[in-house]
Structures are given as structure tokens and as C-alpha cells.
Amino acid sequence: MKFSERVRALQSSPVRRLLPYAEEARAKGKKIYPLNIGQPDIKTPPSFLKAIRDFSQDVIAYATSQGNNDLRDAMSGYYKNFNIPLEREDIIVTNGGSEALMFAFMAMCDPGDEVLIPEPFYANYNAFAGSVNVKVRPVTTKAEEGFHLPPREEIEALVTPKTRAILVANPGNPTGTIYTRDEMDMLASLALKHELFIVADEVYREFVYDGLQYTSFGHLPEIADRVIIVDSVSKRYSACGARIGCIACRNRDFMAQVLKIAQGRLCVPTLEQVGATALYSTPKSYLEEVNKEYQSRRNTLYKALKEMPGVVCAEPKGAFYVMVKLPVDDAEKFIIWMLQNFDVNGETVMASAGEGFYATPGLGKQEFRLAYVLNNEDLVKAMNILKVGLEAYPGRIEPAVAR
């Protein structure tokens, strides 16, 4: 049987590809500290399930393709609290942030068009782009530079007549990097000069640490007609399985095109929209406590990593991930070895291999992503296991000694 070249070209998820090794390890009785996937352990606000239980209509009918008005109004109010001026008509509800990204690619690009994305990036960007025959043009950033953007001229050199957009996650997944205002202004200037969209993946908006002031691309009025915000309740309210997100843009012509795509998939599940509407009434104190908890976990993880010889990582300022460069021959082999051949008192650690977060072949081979989604006590145990594992790994590379 013949399969399309499009689907053959798609890569497996670096977050999920190694799950069979984890299942095998668990079957042998090992306990695994799962730092590979961004699944928060924070309790989902009870209002989500309460709203669904209280749903009293006799028929679970189709929702409108753009999303229920109650939910879109709740989202609009949320954005206005962040001084992002989005009205109901500027928002379309999607099946998670993933569908929002897919809609953005489909509405912006024809097959063969290009999108600039700073790498390392959320691995599924490759899948979303590849599914509609869009080419990812990577803008390479480095662990040693905190994964901040290279100079303007390096980015501008990548722009071609096929370039349609710049896609940025801010705060970043997998890096935890928050772009400075100067970096954002530079991207805005490039977008204006070259007639590009900016797709702003801002699902980790609340996860900003160390007292930093968060700036959204929606705060830049000069590019209001070309900023596409992708968002989700998944991480913010620890509701990943609810699959409720949105695509938002003040360019009404663009949103009219997106609506046609949304109509083609009919609608987002009605009950999940009911639950998500209630989530937007969650007290601010919930998000403040979540932020405080993740900052504490960040501190625990980063302190332990900095004490491991040969490990290179920048302190993440947002989200709940850190990209780590390891003193090993191959990070994926190291993760598999940890699952198959190593444990401390029957316990081991799982991470996501870094290579899958890059588009440039060969990059990320010595890196992996950790998600600090476990409590501090478990993180301390996991970091101790990682430290001992790195010391015992047969493929360890000793860092060069400065002369």
C-alpha cells in the first residue's frame, strides 16, 4: 500500500516516542519520574466539572463553529484583563492550541510556503507545518546564550519570497525563555517590513517568574492587524484533556478565512466549552498560587542541574520546561539507557530527547527537555537519580578542562 510523502516526512513525537521503553521499565517494577511531558499535576479547578454536571439541556447539540458566545465573551474578558484588546468577534474556539496552530498554517500559507521559527521549538510545530506542506525555516538559538534570538541580520537573511510568518512561543517551550521587549520589537519590525504575520503561541502567559513583567505580542499596536494569538486552557488551568483553545486576531479578514476552516470541522465539543467557560471565572489567587509553586519547582530543578558537572542550561524564566545540554554522546540513547539499564533503588527518570525539538539536522543530539511538573520532593529525588545516572553512563563525555 502506498502512503503519502507528506505523512512519511512527519517525525514521531520526541515527547511520546520513547513511551514503549517506559512501559517496559514499569512492567519490570521500576518507578519512573516522568519529566518528559508537560502534564501538570496541579488540581484542575472544580468549577470545570461542576459546570458540566449542572448542564441541564435535553440534547447535547452542535455548538457554533466559532465557539459558544459565553465562552468567547469569557475569553475576551480574560484578554482585556491583560490589556489585550480582543472582542468576541476576534476569537474562534478550537480543539486545543494544536488546532489553532493548524488553522493558522492553513489560513496563512499555500503548499511550499515558509514559516520562520526559533529553534528549539515545540516539536509538534513540525507536524502542523508538514501536514499542510509548509516548510519550517529554523532560526537557531543556543543553550549557551539562554536561547535568545540571534541578531536581526541573521533572521532577516532567512526571509525569502515564500516566507509568510514568524512563529514564536513566548514563554518558550521547550526552553522556558521569555523574549525581551527589544527582541519582540525587532520581530515586529521584520513583520512590517516583509509583510509577515506573527503567530504568538502564548499558552504559558501566566508562568512568568522572578518578578518579570509579561509582554504579549498583542500589546504591540503597530502590528495589531498581523498578530495571531494561539492560546489554550490546558496548562493555565491544568486542563490538558479538556482540549479547549482558541485562535485570536484583530484582522477580521483573516478571521473570516479561519472561520471557513472551522466550519469544515463543524464545532468544538459542547460540554468541554461549558466547562471551559467556568474556568475563566477561576479566582486570580489560583493562578498566583500555581505560579508560586512552579517557580519553587524551577528553583529546585535549576539548582540541582547547575551542580552537575558538564551540564549546560540557562535558568528558565517562564513556562515549566528547561532545555539541558548534557555531557553525553547521545541524549536519546542516554534516556533509553536510564529506562532499560539504570535505576537507584528501583527508580529512574524519563525525559524528552532534544533532537526532535530542532529542524536543523544534527542539532540537539546532546540535549533533552525536562518538564518540572512534579512536586519538589519528587524533583529532588529525580535530580539525584539523574546526577548518578550521568556519572555512570557509558557514553559520558568528559567536559574539556580550561587551560
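A quick note: this is a predicted structure, and the numbers were derived from the prediction, not measured.

Q: Account for unusual backbone geometry, naming residues and giving values.
A: Here the bond from Asn170 into Pro171 is cis, since omega is -5°, no more than 30 degrees from zero. Residue Asn173 is joined to Pro174 through a cis peptide bond whose omega torsion reads 25°. If you trace the backbone, Pro174 turns up in the loop between strand S5 (163-169) and helix H8 (181-194). The backbone phi angle of Phe147 is positive, close to 60°, even though this residue is not glycine.

Q: Residues and numbers for the packing of aromatic side chains, please.
A: A full pass over the atoms with the stated rule returns 19 aromatic pairs. Between the aromatic rings of Tyr204 and Tyr321, the centroid separation amounts to 5.5 Å while the plane-to-plane angle is 85°, which identifies the pairing as edge-to-face. Here Tyr204 is found in the loop between strand S6 (197-201) and strand S7 (227-232), whereas its partner Tyr321 is found in strand S9 (residues 321-325), with 117 residues between them in sequence. This pair shows no difference in class: Tyr204 is buried, exactly as Tyr321 is. Judged by centre distance (6.4 Å) and plane angle (40°), the ring pair of Phe334 and Phe368 falls under tilted. Placement of Phe334 in helix H12 (residues 331-341) and of Phe368 in strand S12 (residues 367-371) is noted, with a sequence separation of 34 residues between them. According to the relative accessible area criterion, Phe334 is buried, its value standing at 1%. Owing to a relative accessible area of 2%, Phe368 belongs among the buried residues under this scheme. Among the aromatic residues, those joined into a ring-pair cluster are Tyr78, Tyr79, Phe82, Tyr237 and Tyr280. Against the face of Phe82 rests Arg205, its NZ or CZ located 5.7 Å from the ring centre. The ring of Tyr294 is capped by Arg297, whose NZ or CZ atom sits 5.2 Å from the centre of that ring.

Q: Which residues make up the environment of Ala22, and what values do they have?
A: Relative to the elements of secondary structure, Ala22 occurs in helix H2 (residues 19-27). When its relative accessible area of 0% is taken as the criterion, Ala22 is described as buried. Sequence-wise, Ala22 and Ile335 are 313 residues apart; in three dimensions their C-alpha atoms are separated by 9.8 Å. Setting aside residues up to four positions removed in sequence, Ala22 forms contacts with Ile32, Leu339 and Met350.

Q: Could you give an account of the pairing of S5, naming the residues involved and the relevant values?
A: Here S5 lies mainly inside the structure; six of its seven residues are buried. As judged from the three bridges shared by strand S3 (residues 114-119) and S5, these two strands associate in the parallel manner. Looking at S5, one finds that Glu114 is bridged to Thr163. Sheet analysis places S5 next to S6, joined by five bridges and oriented parallel. Along S6, the bridge assignment pairs Ile166 with Ile198.

Q: Pulling in residues and values, what's your account of the packing of H12 against helix H13 (residues 376-392)?
A: When two helices pack together, their arrangement is captured by the angle between the axes and the distance separating the axes. H13 packs onto H12 with a crossing angle of 110° between their chain directions and a minimal axis gap of 11 Å. Relative to H13, H12 is oriented roughly perpendicular. Where H12 approaches H13, its residues Phe334, Trp337 and Met338 are matched on the opposing element by Ile385, Leu386, Gly389, Leu390 and Ala392. Class assignment for the residues of the contact of H12 with H13 results in seven nonpolar, one polar and no charged.

Q: Please give an account of the sheet that holds S5 that cites residues and values.
A: In spatial order, the strands read S2-S8-S7-S6-S5-S3-S4; together these seven strands make up an open sheet with mixed pairing. Every interior strand has two partners, whereas the edge strands, strand S2 (91-94) and strand S4 (135-140), have only one. Shown here is a sheet whose adjacent strand axes are inclined to one another by a mean of 25°, direction ignored. Seen against the sheet, helix H4 (residues 69-81) touches S2, S7 and strand S8 (245-248) and runs at an angle of roughly 115° to S2. Taken strand by strand, helix H9 (residues 252-264) contacts S2, S6, S7 and S8, and its axis lies near 25° from that of S2.

Q: Now, about the pattern of salt bridges: what can you tell me, with residues and values included?
A: According to the stated counting rule, one finds 29 salt bridges in the structure shown. Salt-bridge contacts for Arg297 lead to Glu293; the nearest nitrogen and oxygen are separated by 2.8 Å. Remark: Glu293 and Arg297 occur in helix H11 (residues 284-306); sequence separation between them is four residues, near one turn of the helix. With its nearest N and O atoms 3.8 Å apart, the salt bridge here joins Arg298 to Glu315. You can see Arg298 sitting in helix H11 and its partner Glu315 sitting in the loop between H11 and S9, a full 17 residues away along the chain. Overall, Glu315 belongs to the partly exposed group, its relative accessible area being 29%. One network of salt bridges, with partners in common, ties together Glu202, Arg205, Glu206, Asp231 and Arg236.

Cut-offs and rules
Residues numbered from 1 in each chain as written. Predicted model: local features only at pLDDT ≥ 70, side-chain atom pairs only at ≥ 80, totals over all residues. Heavy atoms only, no water. Helix = DSSP H or I, 4+ residues; strand = E, 2+ residues; numbered from the N terminus. Phe/Tyr/Trp six-rings, centres within 6.5 Å; stacked < 30°, edge-to-face > 60°. Buried < 20%, exposed > 50% of the residue type's maximum accessible area, 1.4 Å probe, protein only. Lys NZ or Arg CZ within 6 Å of the ring centre and 35° of its normal. Contact = heavy atoms within 4.5 Å. Pairing = 2+ DSSP bridges. Axes fitted to C-alpha atoms, helices over the stretch in contact; angles between N-to-C directions. Parallel < 35°, antiparallel > 145°, perpendicular 65-115°, else oblique. Nonpolar A, V, L, I, M, F, W, Y, C, P; charged D, E, K, R; others polar. Salt bridge = Lys/Arg side-chain N within 4 Å of Asp/Glu carboxyl O.

Everything listed here is a matter of coordinates, which is why it stays silent on function.
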